[in-house]
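This is what each chain is made of:
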Amino acid sequence: MAHVLDKFSYCPVCGSRHFTENDEKSKRCTSCGFVYYLNPSAATVALIENERGELLVVRRGKEPAKGTLDLPGGFSDMEETSEEGVAREVMEETGLRVEHVEFLFSLPNRYEYSGLTIPTMDMFFRCTVADTSHLHAMDDAAAAMWIKKEDINPNDFGLMSIRKGVARYLAANNL
């Protein structure tokens, strides 16, 4: 898998081809001096429990890790807070309206997309929804379901940071 910076051949400021590796996270233009740093993209993850204490999970409908379990979430958009982003992603993937968002923790991740490995910072939020009766899989979720916490196996989740986050969530719930 190619590093994202390998695809950047020209300086985005002056257009020079003298855009070379500066260190593992940046490239530098020797013509104009511009340095581009590859910082992680903000991504969000929702931990949602229903009134029975079950966790909402989705089945991934697209690569990477198509067909594996996941938690609702995705990339934050420009001009959007991570709290707004997680609420939007939950609505897009499950049809549920988030009423309250509480930040829990973050985990670094590497997300494979279109042949590139993109560094992300996955922010996990406890989300509260008022009405769970409108749950249905949409967007890139192939299925949406509630799972009892004692039936959750972190290894069933296809993305590394989600596996780690689910394990952390289960440990916090003494499971």
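What you see is a predicted model, and the numbers here were worked out from it, not measured in a lab.

Student: Now, about the pairing of strand 9 (residues 98–113): what can you tell me, with residues and values included?
Tutor: Sheet analysis places strand 9 next to strand 10 (residues 116–129), joined by 14 bridges and oriented antiparallel. Opposite V101, over in strand 10, you have C127 as the bridge partner. Linking two consecutive strands that pair antiparallel, namely strand 9 and strand 10, is a turn of two residues; a positive phi of about 50° is found at S114 within it.

Student: Can you explain helix 2 (residues 160–172)? Please cite residues and give values.
Tutor: The terminal C-alpha atoms of helix 2 lie 19 Å apart, and with 13 residues this matches the ideal 18 Å at 1.5 Å per residue to within 8%. Turning to helix 2, its buried residues are S161, I162, G165, V166, Y169 and L170. Down the axis of helix 2, the sector holding all buried residues measures 170°, keeping them to one side. N174, located one to two residues past helix 2, shows a positive phi value of around 55°.

Student: A description of unusual backbone geometry should follow, citing residues and the corresponding values.
Tutor: Glycine aside, residues mostly have negative phi, and peptide bonds are mostly found in the trans state. Residue P64 is bonded to the preceding E63 through a cis peptide linkage, with omega at 5°. Turning to its location among the elements, P64 is positioned in the loop between strand 6 (55–60) and strand 7 (69–70). The backbone of A65 shows a phi angle near 60°, a positive value even though the residue is not glycine. Checked against the element boundaries, A65 lands in the loop between strand 6 and strand 7. Even without being a glycine, D139 presents a positive backbone phi close to 55°. Looking at the secondary structure, you find D139 in the loop between strand 10 and strand 11 (141–147).

Student: Residues and numbers for the sheet that holds strand 11, please.
Tutor: The pairing of strands in a sheet happens through backbone hydrogen bonds and is either parallel or antiparallel. An order of 7-6-11 is seen for the three strands of this open sheet, with the pairing classed as antiparallel. Looking at the sheet topology across the chains shown, the edges are occupied by strand 7 and strand 11.

Student: Mind laying out the nonpolar core, listing which residues take part and the relevant values?
Tutor: Judged by nonpolar contacts, the single largest core of 19 residues is most densely connected at L71, F124, F157 and I162. For this core, the secondary-structure elements that each account for two or more residues are strand 5 (41–48), strand 6, strand 9 and helix 2. Here this core gets four residues from one element, more than from any other, and that element is helix 2. In terms of nonpolar packing, the next biggest core, distinct from the first, is built from 12 residues, A46, V86, C127 and V129 among them.

Student: Hey, could you go over helix 1 (residues 82–94) for me, with residue numbers and the actual values?
Tutor: In this model, helix 1 (13 residues) spans 18 Å end to end at C-alpha, consistent with the 18 Å of a helix rising 1.5 Å per residue. Buried within helix 1 we find S82, G85, V86, R88, E89, V90, E93 and T94. One or two steps after helix 1, the chain reaches G95, where phi turns positive at roughly 80°.

Student: Now, about the pattern of salt bridges: what can you tell me, with residues and values included?
Tutor: Within this structure, the stated rule accounts for nine salt bridges. Residue E49 is joined to K149 by a salt bridge in which the shortest nitrogen-to-oxygen separation is 3.2 Å. One end of the pair, E49, is in the loop between strand 5 and strand 6; the other, K149, is in the loop between strand 11 and helix 2, and 100 residues separate them in sequence. The exposure class of E49 is partly exposed, given its relative accessible area of 33%. A salt bridge links R88 to E80; the shortest N-O distance between them is 2.8 Å. When salt bridges with common partners are traced through the structure, they connect D77, E80, R88, E89 and E92 into a single cluster.

About the criteria used
- Residues numbered from 1 in each chain as written.
- Predicted model: local features only at pLDDT ≥ 70, side-chain atom pairs only at ≥ 80, totals over all residues.
- Heavy atoms only, no water.
- Pairing = 2+ DSSP bridges.
- Helix = DSSP H or I, 4+ residues; strand = E, 2+ residues; numbered from the N terminus.
- Expected span 1.5 Å × (residues − 1).
- Buried < 20%, exposed > 50% of the residue type's maximum accessible area, 1.4 Å probe, protein only.
- Arc of directions from axis to C-beta.
- Core = buried A, V, L, I, M, F, W, Y, C linked by side-chain atoms within 4.5 Å.
- Salt bridge = Lys/Arg side-chain N within 4 Å of Asp/Glu carboxyl O.

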